[in-house]
Number of protein chains: 6
Amino acid sequence: MPQRPSGRAANALRPVSLELGFAKHAEGSCLVKFGDTHVLCTASVEDSVPPWLRNSGKGWVTAEYGMLPRSTHTRTQREAAKGAQSGRTQEIQRLIGRALRAVTQIDKFGETQIRVDCDVIQADGGTRTASITGAYVALYQAFHKMKTMGVIPTIPLTEPVAAISCGLHRGQAVLDLDYAEDSSAQADANFVMTASGKLVEVQATAEDYAFEEQEFLGLLALAKDGIAELVKLQRAALSKLT
Amino acid sequence: MPQRPSGRAANALRPVSLELGFAKHAEGSCLVKFGDTHVLCTASVEDSVPPWLRNSGKGWVTAEYGMLPRSTHTRTQREAAKGAQSGRTQEIQRLIGRALRAVTQIDKFGETQIRVDCDVIQADGGTRTASITGAYVALYQAFHKMKTMGVIPTIPLTEPVAAISCGLHRGQAVLDLDYAEDSSAQADANFVMTASGKLVEVQATAEDYAFEEQEFLGLLALAKDGIAELVKLQRAALSKLT
Amino acid sequence: MPQRPSGRAANALRPVSLELGFAKHAEGSCLVKFGDTHVLCTASVEDSVPPWLRNSGKGWVTAEYGMLPRSTHTRTQREAAKGAQSGRTQEIQRLIGRALRAVTQIDKFGETQIRVDCDVIQADGGTRTASITGAYVALYQAFHKMKTMGVIPTIPLTEPVAAISCGLHRGQAVLDLDYAEDSSAQADANFVMTASGKLVEVQATAEDYAFEEQEFLGLLALAKDGIAELVKLQRAALSKLT
Amino acid sequence: MPQRPSGRAANALRPVSLELGFAKHAEGSCLVKFGDTHVLCTASVEDSVPPWLRNSGKGWVTAEYGMLPRSTHTRTQREAAKGAQSGRTQEIQRLIGRALRAVTQIDKFGETQIRVDCDVIQADGGTRTASITGAYVALYQAFHKMKTMGVIPTIPLTEPVAAISCGLHRGQAVLDLDYAEDSSAQADANFVMTASGKLVEVQATAEDYAFEEQEFLGLLALAKDGIAELVKLQRAALSKLT
Amino acid sequence: MPQRPSGRAANALRPVSLELGFAKHAEGSCLVKFGDTHVLCTASVEDSVPPWLRNSGKGWVTAEYGMLPRSTHTRTQREAAKGAQSGRTQEIQRLIGRALRAVTQIDKFGETQIRVDCDVIQADGGTRTASITGAYVALYQAFHKMKTMGVIPTIPLTEPVAAISCGLHRGQAVLDLDYAEDSSAQADANFVMTASGKLVEVQATAEDYAFEEQEFLGLLALAKDGIAELVKLQRAALSKLT
Amino acid sequence: MPQRPSGRAANALRPVSLELGFAKHAEGSCLVKFGDTHVLCTASVEDSVPPWLRNSGKGWVTAEYGMLPRSTHTRTQREAAKGAQSGRTQEIQRLIGRALRAVTQIDKFGETQIRVDCDVIQADGGTRTASITGAYVALYQAFHKMKTMGVIPTIPLTEPVAAISCGLHRGQAVLDLDYAEDSSAQADANFVMTASGKLVEVQATAEDYAFEEQEFLGLLALAKDGIAELVKLQRAALSKLT
């Protein structure tokens, strides 16, 4: 078996931490760390919903994503200075939004929008999967606050959702790629799954190496175990809420 | 078994046609039709490559995507008038580019860029999969023209690539969703595969219904057969080139 | 007399065709061809009018124009990717809108806006005149549909409108310039006229050759005959509507 | 004969003045007044030409146009604040550029660009025709300065160019419309002509009233006399240059 | 004592003029000249206030700033063509707005917004201080017009406000820097003060020379005398209003 | 004496901390906290300088500023999503850049640019003064790294620079306003000063209360003491560098 650059076992996550309530002003927040990848997720409750939901009685959950300019190895130009969000940024924030909505009962909290911001403070691979995993925690805290205030009777989330990357690196299927692996992987996949093992989103990409079905199924198997571990950590972090 | 809105069998493609050389000016072109979804794909050969490839001896293949404002059931605002391409547009054109590059040998045609434009003339579901399928044909024709002109000795494509959508509709796994199915599907996946059955890209999305692993594997099986059929049609269209 | 590049007589149009109802979703549509110039015109009926007409009881007709990136001899950058419509695009779409409004009775169809999109599929000179000629047909079909549905009692168009280009090429006044002539013409004019021979718009431009009044009047005479022919073709295309 | 709102005769210009050298810093400048329409035209000499003329030995003349926000009866939003120039602005600046280039010998002043800015200080109709008339004077002064400095041997302008509007107002053909007439005219035309009576640009527009050929020829006749008068004033203003 | 480039005494303003009512259409206007720096200030009365003041019964005063492209020694790119206002432009227009609001009683003229445009016709240093000084005059005239029309009972301005620059040039504290001094000053400060000598805004900047407290107090002393002189000129200009 | 909302003495700073090297990838970094205001400052060394310094042998220091969307009490729209940096953002980042350059010897580190990013993680008033104070530390660390690597012989900074706000709150001059004070202050000033007590920048603003000269001098006195304290903390943080 080839050694991973980090020395981790093929099926080992990086050290993961989820710090609930990191941001003072937000209704919900979580600083999530997957190793050296650190993302601050905040959930903001807003009074109005997008136009197509007005007078529907339904709420909405949406997400935005950004990276601090020097979160990356070499500095990345600030998107606000460029005047536009990149295609990559838009793709990721759409993904986070879909993942959260897959476990949210949008007819259970009135015409309210929760906007979850995922801002990468430091990047070392897997920012989108860390974002989804932390965003769920921030979203839960925001709903918990609404429940505590008596705005909603129950928390309108069906079950936890988390995400992890897998890839083929030096011919081996590995879990939770860091930047060193990610930049030299032959193929790369992101899985979003629920606590009960259902698939919410699968994104597998092989820019210069088309992969066999068996290889793909190997990645899926790794992901299931990784997600189960992440869900445990989410539950532990949220257990502090009373 | 529930009836599909179109009356098609669960594993039936819509009528597919690939009209090679549709556009007079382009080096390669293909008007692709998946039923009522019509996409014009053109391949333009350009002398210069992106900055990061200058002096590398390598070429590049990239793609752009657009929809005519009234290709859709109700008119969609023109992106040029809005002043920006939507996140969806950027996601799709990045996908098409990756799919084409997965079968292109970028070190075999010098510092040349092929830009493939996929413009939707009429939309009825599946515009991204039709685009990829037609884009391969247009790209091949452009390389064929370069070969005929003596610019390159062989066509730098390893094998055909095509794409198809599958989804869960009324509980049934179905192939090649049209708009009527797409807008009411419980889950939706796009598969990009090569002629030899390798996976290039998998995108499965479950916005309001997380699906079981078995369901997902059912979609993958359907897709393999659909792709095989599309590859036959691509080969037939390209057989006209001498 | 100098030979025209196309071999046409000085007063000959290119082969013109008007294919009514080309687009499945639009209320009105026409694929117009002036030789190798192909433009898809669609008319979309919208419920709301621009702000300055609200509560006026009046409707509006407006136009948008675009070119597919590879409709041109060499690829033109996509305006949606550039983030702005060029001055030329805006000039042309304003011209099409004025031409259509000159024959439209805006107080006869309520507070409804018809938006006509003219998208150039293939360009070989004269895209703006082909657009106006086809746009009239698409607009008529949309009004016809509104009448058939009982929304309006009569079609609120006073008479057909069409457009043609003329120019001085090798010292000769010629009708309906194609790209080869257009790019080497000494002067260039576009005429928009009604079926009854009235002038709606005259745009004559002499960037590097100021022309004599007599030369200009020669172009006007040619245009009148060309427009008469186009109006016949418009009427023939529309005769299929019952 | 109907009275004009201003009391002028049908063929009378407004009082016109051309103040040469109004702007301290510019190589050429002219404050032009057509009655209450005041435009500051400046000509700036730049060392570089647009990309397509590099290494051609040829120069270029281009124009930009703007309106101060409160040059108009009610305030117009600042284009810099909106973030884009309107279609109208672009149409006008393209027109001014073409008019100037029609009398400029671009192969006689090296790879130099003259950029003429026309900024409307106060607007009362006819800003584009005043702009062209003043821009010629500013351009001449800039070339005169280049000649005085020994950069060019002769002034590379073939003859003066000027512009005037005409229109049908209460059924009467009138010259040089002010805002009161312009906003209620049945048809409206702008003519750009040279000192020798050649046509450089004709723009006739009939948004709600298509006009007869005879009416159009009446406007053309009026314009010829108006242009002759403007050229006299241009020559008088420039006679001060030694 | 070092000689100033202009030959002025250290505490001498340039010749200042304030031409009330320069612009025909605006409710208030003033062409202000500080030597060769000329700024046209216009005040436009608008019916609506910014969203945060709706239903507050309060009005608002805001400012916009711009420079004609060739107001400067060498041509500056037009901000409307660049598609954005520079940071400098935004900084200056925010400063002008704050200065005017410091002497405006916003609860005394209803839900009305006065927008003051300051457009630099010619620049020779000190455009922001000339703008503020002229803007006050234009604003006063607009309120005077509202009072004359019976819309407001009194002019809701507490006292005049004006602005002047000071700087350290060749070691000497000097008043009202022109471009020659400004571009070689060691430090540069702008003071906005009221007729009664109160400070509204102080902006002192030392990009390459941090200055001593005593030097700063010397600049402040100069500014007080300069402002007193400007206020006299403002009052003289406004005395023409009856 | 009125009590401050925070209970602090009038001349008391909030608890200040400067965490050197907070960001893994950046050449220099500092997480600065002024109470609940937290700003991450990173310094990135870049090989190229702005165009106007090419071939000058000189370097440059510049700054960018941003706020995380939910750093504020209520969510602020993401500037990257709006497509433009606000006037406030641009004003602040220009201020930070000038402050740093006032103590930097730009002719002592070659044609290198240091870009300092100040990103507000949590905001509670005084983000610009915290940014400047932390940015100096990050900049120093980046230069220290360059020196350690042998790129430069000495650290090209003349002395520390720091910044603090003062204001008039309930009639009392107070130091280092937090959000509660800032939003209800009568006047507000920011001072940037060096370790030796020189003034680099003074910005005093009185939107609704013009202040007396004596009041202003009281703020200046407070600031001098506050800056001295901040410089001590900067020196302590940097003493860890060997």
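Predicted model only: the values in this text are computed from it and were never measured.

Chemist: Can you explain the interface of chain F and chain A? Please cite residues and give values.
Modeler: Contacts between the two partners involve 37 residues from chain F and, on the opposite side, 37 residues from chain A. Roughly 2,700 Å² is buried in total at the junction of chain F and chain A, and carbon and sulfur atoms are behind 49% of that figure. Across the contact surface, chain F and chain A share 14 salt bridges. A salt bridge links A:R70 to F:E27; the nearest nitrogen and oxygen atoms lie 2.7 Å apart. Inspection of the chain F/chain A interface yields 24 residue pairs in polar contact (both at pLDDT 80 or more). For the side of chain F that touches chain A, the secondary structure elements donating two or more residues are β3 (37-46), β4 (60-67), α1 (79-82) and β5 (113-122) of chain F. Class assignment of the residues belonging to the side of chain F that touches chain A gives a composition of 14 nonpolar, 10 polar and 13 charged.

Chemist: How would you summarise the packing of helix α2 (residues 87-101) of chain D against helix α3 (residues 127-148) of chain D if you had to cite specific residues and measurements?
Modeler: Residue and element names in this part refer to chain D. Contact pair α2 / α3: the axes reach a minimum separation of 10 Å and the direction vectors enclose 40°. Between α2 and α3, the crossing angle belongs to the class labelled oblique. The two elements α2 and α3 cross, and the hand of that crossing is right-handed. Touching R88, I92, L95, I96, A99 and L100 of α2 are T127, R128, S131, I132, A135, Y136 and L139, all from α3. For the contact of α2 with α3, the class distribution of residues is nine nonpolar, two polar and two charged.

Chemist: Describe the relation of the copies chain F and chain A, and please don't skip the residues or the numbers.
Modeler: Mapping chain F onto chain A calls for a rotation angle of 180° and an axial translation of 0.0 Å; the resulting RMSD is 0.0 Å. Taken together, the rotation angle and the small translation identify this as a two-fold axis.

Chemist: Quick rundown of the pattern of salt bridges? Include the residues and the values.
Modeler: For the coordinates displayed, the defined rule picks out 114 salt bridges over all chains. Between E:D36 and D:K24 there is a salt bridge, with the nearest N and O atoms lying 2.6 Å from each other. A residue pair is termed interchain when its members come from two chains, as with E:D36 in the loop between β2 (28-34) and β3 (37-46) and D:K24 in the loop between β1 (16-20) and β2 (28-34). Overall, the relative accessible area of 31% leaves E:D36 in the partly exposed class. D:R115 is paired through a salt bridge with D:E46; the nearest N and O atoms lie 2.9 Å apart. Taken together, the residues span a long stretch of sequence, with D:R115 in strand β5 (residues 113-122) and D:E46 in strand β3 (residues 37-46) at a distance of 69 residues. Each member of the pair, D:R115 as well as D:E46, is classed as buried. Residues participating in the shared-partner salt-bridge network are A:R4, A:R8, A:R14, A:D124, A:D176, A:D178 and A:E181.

Chemist: Tell me about the pairing of β3(E), and please be specific about residues and values.
Modeler: Residues in a regular strand project their side chains so that they alternate between the two faces of the sheet. All names here are of chain E. Burial of β3 is extensive: nine of the 10 residues sit out of reach of the surface. Between the antiparallel neighbours β2 and β3 lie two residues, among them G35 with a positive phi of about 60°. By the bridge criterion, nine bridges tie β3 to strand β5 (residues 113-122) in an arrangement that is antiparallel. From the neighbouring strand, T42 faces β5, where its bridge partner is D117.

Chemist: Lay out the arrangement of the chains in plain terms, naming residues and giving numbers.
Modeler: Contact between chain C and chain F is absent, and the minimum C-alpha spacing across the pair is 12 Å. As for chain F relative to chain D, no contact occurs, and the smallest C-alpha gap between them is 10 Å.

Chemist: Account for the interface of chain D and chain C, naming residues and giving values.
Modeler: With 30 residues of chain D at the contact, the number on the chain C side is 30 residues. Summing both sides of the interface, chain D and chain C together bury roughly 2,800 Å²; the carbon and sulfur share of this comes to 49%. If you look at where chain D meets chain C, you find six salt bridges. As a salt-bridge pair, C:E213 and D:K224 come within 2.4 Å of each other at their nearest N and O atoms. Taken together, the elements giving at least two residues each to the side of chain D that touches chain C come down to α2, β9 (199-205) and α5 (213-238) of chain D. Broken down by class, the residue content of the side of chain D that touches chain C amounts to 12 nonpolar, seven polar and 11 charged. Two strands pair when backbone bridges link them, and strand β9 (residues 199-205) of chain C and β9(D) are joined in this way by five bridges, in the antiparallel orientation.

Analysis parameters
- Residues numbered from 1 in each chain as written.
- Chains lettered and ligands numbered in written order.
- Predicted model: local features only at pLDDT ≥ 70, side-chain atom pairs only at ≥ 80, totals over all residues.
- Heavy atoms only, no water.
- Contact = heavy atoms within 4.5 Å.
- Buried area = accessible area lost by both parts, 1.4 Å probe.
- Salt bridge = Lys/Arg side-chain N within 4 Å of Asp/Glu carboxyl O.
- Polar contact = N/O pair within 3.5 Å; in protein donor to acceptor, adjacent residues only side chain to side chain.
- Helix = DSSP H or I, 4+ residues; strand = E, 2+ residues; numbered from the N terminus.
- Nonpolar A, V, L, I, M, F, W, Y, C, P; charged D, E, K, R; others polar.
- Axes fitted to C-alpha atoms, helices over the stretch in contact; angles between N-to-C directions.
- Parallel < 35°, antiparallel > 145°, perpendicular 65-115°, else oblique.
- Left-handed = near helix turned anticlockwise from the far one by under 90°.
- Least-squares fit on C-alpha atoms with pLDDT ≥ 70 in both.
- Buried < 20%, exposed > 50% of the residue type's maximum accessible area, 1.4 Å probe, protein only.
- Pairing = 2+ DSSP bridges.

None of this, on its own, says anything about what the molecule does.
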